[in-house]
Structure formats: C-alpha cells, structure tokens
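# Reading the structure
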Amino acid sequence: MQTPDKLNDGQLSDEQSREVAETIREEIARRRISRQALAEQAKLSLSTLEKALGGRRPFTLATTVRLEQALGVSLRKSMVAPTPAAGNDVAPDSLGSYSHRAVTWIEDVYITLRPSFGDKDAIFAYRTEIVWEPKVSALVFREGERTDAAYEHTGEVAVPHQSGFIYLVINKHGQHRVITVSRPTVAGEMYGIISSLRAGPGSQLTPIAAPIAYVPIGNVPEPTLGRIAPGNVNYALYRSHLRRTVEEPFALFLPG
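Everything numeric here is computed off the predicted structure, so don't read it as measured data.

The next thing to look at is the confidence of the model for the protein chain. Note that predicted coordinates carrying low pLDDT should not be read in detail. Scored by pLDDT, the protein chain comes out at a mean of 85, with 89% of its residues at no less than 70. Low pLDDT, under 50, characterises residues 1-9; the predicted model gives this stretch 10 contacts beyond four residues in sequence or across chains. Within the model, pLDDT remains below 50 along residues 80-87, and this stretch shows two contacts once partners closer than five positions in the same chain are excluded.

Attention now goes to helix H5 (residues 235-247). Compared with the 18 Å implied by 1.5 Å per residue over 13 residues, the 18 Å span of H5 between its first and last C-alpha is a close match. Where H5 is buried, its residues touch strand E1 (108-115), strand E2 (123-133), strand E7 (190-199), strand E8 (205-216) and strand E9 (226-228).

Moving on, we come to the pattern of salt bridges. The full count for this structure, using the stated rule, is eight salt bridges. One network of salt bridges, with partners in common, ties together Arg32, Glu189, Arg244 and Glu248.

What follows deals with the pairing of strand E6 (residues 175-182). Relative to E6, strand E5 (residues 165-172) runs antiparallel, the two sharing eight bridges. Within the sheet, the bridge partner assigned to Phe165 lies in E6 and is Ser182. Taking the residues that link successive antiparallel strands as the turn, the E5-E6 hairpin has two residues, and the phi of His173 there is positive, at about 55 degrees. By the bridge criterion, four bridges tie E6 to E7 in an arrangement that is antiparallel. Directly across from Val181, in E7, lies its bridge partner Gly192.

As a further point, take the packing of helix H1 (residues 14-31) against helix H4 (residues 61-71). Where H1 contacts H4, the axes come no closer than 12 Å and their chain directions differ by 25 degrees. Relative to H4, the element H1 lies roughly parallel. As for the relative orientation of H1 and H4, their crossing is left-handed in sense. Only Thr64, Leu67, Ala70 and Leu71 of H4 make contact with H1, whose side of the interface consists of Val20, Ile24, Glu27 and Arg31. Here the contact of H1 with H4 is composed, by residue class, of five nonpolar, one polar and two charged.

Bringing the packing of aromatic side chains into the picture now. A full pass over the atoms with the stated rule returns four aromatic pairs. A ring pair is formed by Phe124 and Tyr126, whose centres lie 5.5 Å apart and whose planes are at 50 degrees; its orientation type is tilted. Accessibility assignment for this pair places Phe124 and Tyr126 in one class, buried. Across from the ring centre of Phe250, 4.2 Å away, lies the NZ or CZ of Arg32, which sits over that ring.

Moving on, we come to the environment of Leu205. By secondary structure assignment, the location of Leu205 is in strand E8. Judged by its relative accessible area of 47%, Leu205 is partly exposed.

Among the residues of helix H3 (residues 46-53), those classed as buried are Leu49, Ala52 and Leu53. Taken down its axis, H3 places every buried residue within 95 degrees of arc, on the same side. On its buried face, H3 sits against H1, helix H2 (35-41) and H4. With its phi angle positive at about 80 degrees, Gly55 sits one or two positions after the end of H3.

Glancing now at the nonpolar core. Tyr98, Ile130, Leu139, Val157 and Leu168 are the most contacted members of the largest nonpolar core, which totals 26 residues. When residues of this core are traced back to their parent elements, those giving at least two are E2, strand E3 (138-144), strand E4 (154-158), E5, E6, E7 and E8. Sort the elements by how many residues they give to this core and E2 lands first, with four residues. In this structure Leu168 touches Ile130, Phe141, Glu156, Val157, Arg177, Val178, Ile179, Val181 and Tyr214, once residues within four positions along its chain are discounted.

Of the pairings in the sheet, the one linking E4 to E5 comprises three bridges and is antiparallel in character. Bridge pairing in E5 places Ala158 opposite Tyr167.

What counts, and at which threshold
Residues numbered from 1 in each chain as written. Predicted model: local features only at pLDDT ≥ 70, side-chain atom pairs only at ≥ 80, totals over all residues. Heavy atoms only, no water. pLDDT = per-residue confidence, 0-100. Contact = heavy atoms within 4.5 Å. Helix = DSSP H or I, 4+ residues; strand = E, 2+ residues; numbered from the N terminus. Expected span 1.5 Å × (residues − 1). Salt bridge = Lys/Arg side-chain N within 4 Å of Asp/Glu carboxyl O. Pairing = 2+ DSSP bridges. Axes fitted to C-alpha atoms, helices over the stretch in contact; angles between N-to-C directions. Parallel < 35°, antiparallel > 145°, perpendicular 65-115°, else oblique. Left-handed = near helix turned anticlockwise from the far one by under 90°. Nonpolar A, V, L, I, M, F, W, Y, C, P; charged D, E, K, R; others polar. Phe/Tyr/Trp six-rings, centres within 6.5 Å; stacked < 30°, edge-to-face > 60°. Buried < 20%, exposed > 50% of the residue type's maximum accessible area, 1.4 Å probe, protein only. Lys NZ or Arg CZ within 6 Å of the ring centre and 35° of its normal. Arc of directions from axis to C-beta. Core = buried A, V, L, I, M, F, W, Y, C linked by side-chain atoms within 4.5 Å.

What follows is the structure, encoded as structure tokens:
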C-alpha cells in the first residue's frame, strides 16, 4: 500500500488514485466525450490514461494537474486544497469558488438558441459572450444582437464542482432568470434549460421554460441571428441543436 509520502515523488496514493479515476469517469460520462479526446486535451497518451483509470498504475501529480486543466475541475478532493491563485482570481463561494484558470475553456462567443416564445415554428437566435470579469472576480455573460434589445441581459456564471452543470443567472431587483446547461461537449456546445418569464399583452408575464443551446460562433460557417424561420439557411442546423437538448437528453421536460 502506498503512503502519502509517495506524493513527494509526484505519485498519488492508491486511495487518491481511485478517487481521481472515479471523478474522471463521471466527467467523461457527463460530458459525453471519449477517453481519446480527453487524453488529447490533456496532452497525455491514451495508454497512460487507460492504465491509470484501470488501476494498473497510480496517477502522478503532473498527470492529475494536466487532467484538471483539461476538465476544469478539481480531481484531488481528499488532498490538501491548493492555495488560491494570487490576486482577485477566485470566484465567490456562491458561484462555485472556481479560479479563472480553471474555467478558461468556457470563455467564448456563442450563438444562443431557444424556441421563439411568440412563434411556435421559429427559433430565436442571439449572441452571448462569456468572459472573466476582474471587477467581480467571476465569469459573466453578456447578451447582444437580440431583436428584442430591451431584454438583453448581463449576469453571473456559476460553475459548482458538485453538480457538473453551469448556471447563467440574472438577479435584477430580486427577479431571477436562470439558465442551466451542461458542461461543454468536445465541440464546445452547451445544452440545457432556460427558466424565465414570457411577456404578454400589456404588463402580463407568464413563467416559461424551454430548451436552450449555446453553440460557439466559430462552429457555424455563416451565422444568422434574430427570429429564424423555417426558410432560413441555418434553420435546420439550429433546430438540430435544440432537438439534441431533449433527445440525448441533456434536459428533461416532464408532462403535468
């Protein structure tokens, strides 16, 4: 049996290796990625990853750090917590206590897709940027190029380790809008549910939930924004992303 002293040689104990392997398998299943893809992202050989996950060799500290950077999560839960990065580089506990370095893989410009609330056949597409904001020491998201510009929002991004999901949250004078999405797939897309209010005649507001998808703008050769009708060049592509949300499923909608 290995002892914690082995860490001095850069090698995790058997218990710590089992814990790391279990967390990695959970992340692979949750993100629907292959071991090969993870090995490439972490700049490891597939053989090294397979042997460590199968318990045929312990994880080294260097390998574990590479995997943490590739996945953006902490794999060493039972070990002494690392010292937070110097400066204003760690999000508050209410958002998941993540460091900037651990979530850089989420920063991007996305095409946001959801069903149109006013036209059952149309898709509503707009731009969302997720970036690190030093002033609040957290990821924030900023919406833009919406046809209903009055409803463009800016909010905070929570990335808790426990659930494995990402939350885009707006809290404006106590009024909340919450978007819950999966961690990015290999291609960088995120899928989930938006819970918001639908504006009706006059001041009428109705709670509403719908599938939502965030697609990196670089994944769409000629992106189109606004209310996307069936004749639009990107309609079929956008519709396939929304269907993927519920067909795989990344989210469930239960009947009443």
